[in-house]
Amino acid sequence: MTEPSGRRERKKAATRQKIADTALRLFLERGYEAVGIREVAAEADVAVTTVFSHFASKEALVFEQDQDFEQRLTRAVTDRSPDEPLIPALRREIHAMVRHCTADGAGPIWRMIDESPALREYEESMTLRHAESLAMAIAADSGPARSATACRAIARFVIGAFSLAREADEPAAAVDEIFRMIEAAWAVVPSGTSAGAA
């Protein structure tokens, strides 16, 4: 008898979370560079192949909410109510993401990331990918009214807002300050520009 798909998905998600939690604990205890995938697998009581079935790389273990964040950003555009303007919807989502990433206990994780060239490089490629996904969602939402360049620029500003606010002394105030500039920039973008124009 086969497992119901819902139960199977829950078990899969629980295993993924267990691996990520174990990896993060080991990285913080011993240092990111000092811990290998085999050690993570052994500590989590799973096979190495199981680790790689959930995470494409060692770096991905640290950024285990990568795909969730990317989906949240695009859904902030696509799932908002018809009467909600674009920029306030994105500001609300960035506020939520910044709250999550500046919660108690997050400091040591960001210090670890800042101290590791491999993690910084992964974070940079991840944020560029998030910006491209967000730009596509914005372009689809705006139709031909805004150029592809404008959509990509606003998407990068939004992703940058997350990084800058996360590092600020007052993250929530920083989000609001940055989004006032983003809103002003979006408001002056010509709405009749062709998609390939600068």
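These figures come from a predicted structure and were not determined experimentally. (Residues numbered from 1 in each chain as written. Predicted model: local features only at pLDDT ≥ 70, side-chain atom pairs only at ≥ 80, totals over all residues. Heavy atoms only, no water.)

### Brief notes about the confidence of the model for the protein
So, point 1. Summing up the model confidence of the protein, the mean pLDDT is 90 and the portion of residues at 70 or higher is 93%.
So, point 2. A low-confidence stretch, residues 193-198 (pLDDT under 50), is modelled with 10 contacts involving residues beyond four sequence positions or located in other chains. (pLDDT = per-residue confidence, 0-100. Contact = heavy atoms within 4.5 Å.)

### Describing helix H10 (residues 171-188)
So, point 1. Taking 1.5 Å per residue, 18 residues should reach 26 Å; H10 reaches 26 Å between its end C-alpha atoms and fits that length.
So, point 2. Of the positions making up H10, those classed as buried are Pro171, Ala174, Val175, Ile178, Phe179, Ile182 and Trp186. Seen along its axis, H10 keeps its buried residues to an arc of 120°; they face one direction. Exposed residues on H10 whose side chains face more than 90 degrees from its buried face are Arg180, Met181, Ala187 and Val188.
So, point 3. In this fold, the buried residues of H10 make contact with helix H6 (86-101), helix H8 (117-142) and helix H9 (148-167). (Helix = DSSP H or I, 4+ residues; strand = E, 2+ residues; numbered from the N terminus. Expected span 1.5 Å × (residues − 1). Buried < 20%, exposed > 50% of the residue type's maximum accessible area, 1.4 Å probe, protein only. Arc of directions from axis to C-beta.)

### As for the nonpolar core
So, point 1. In this structure, Phe27, Leu90, Ile94, Leu134, Ile138 and Phe179 are the most contacted members of the largest nonpolar core, which totals 57 residues.
So, point 2. At nine residues, the largest contribution of residues to this core is made by H9.
So, point 3. With near-sequence residues (within four places) excluded, Ile138 lies in contact with Val77, Leu86, Leu90, Cys151, Ile154, Ala155 and Trp186. (Core = buried A, V, L, I, M, F, W, Y, C linked by side-chain atoms within 4.5 Å.)

### Things to note about the pattern of salt bridges
So, point 1. Inspection of every chain in the model, using the stated rule, returns 14 salt bridges.
So, point 2. Each of Arg25, Glu29 and Glu43 takes part in one network of salt bridges that share partners. (Salt bridge = Lys/Arg side-chain N within 4 Å of Asp/Glu carboxyl O.)

### Concerning the environment of Glu70
So, point 1. Position of Glu70 among the secondary structure elements: in helix H5 (residues 66-78).
So, point 2. The spatial distance from the C-alpha of Glu70 to the C-alpha of Phe27 is 24 Å, given a sequence separation of 43 residues.
So, point 3. Not counting residues within four places of it along the chain, the set of residues in contact with Glu70 comprises Arg129, His130 and Ser133.
So, point 4. At 2.6 Å, the side chain of Glu70 and the side chain of Arg129 are in polar contact. (Polar contact = N/O pair within 3.5 Å; in protein donor to acceptor, adjacent residues only side chain to side chain.)

### Let's talk about the side chain of Glu64
So, point 1. With respect to the secondary-structure elements, Glu64 resides in the loop between helix H4 (58-62) and H5.
So, point 2. Not counting residues up to four positions away in its chain, the partners in contact with Glu64 are Arg16, Gln17, Ala20 and Phe55.

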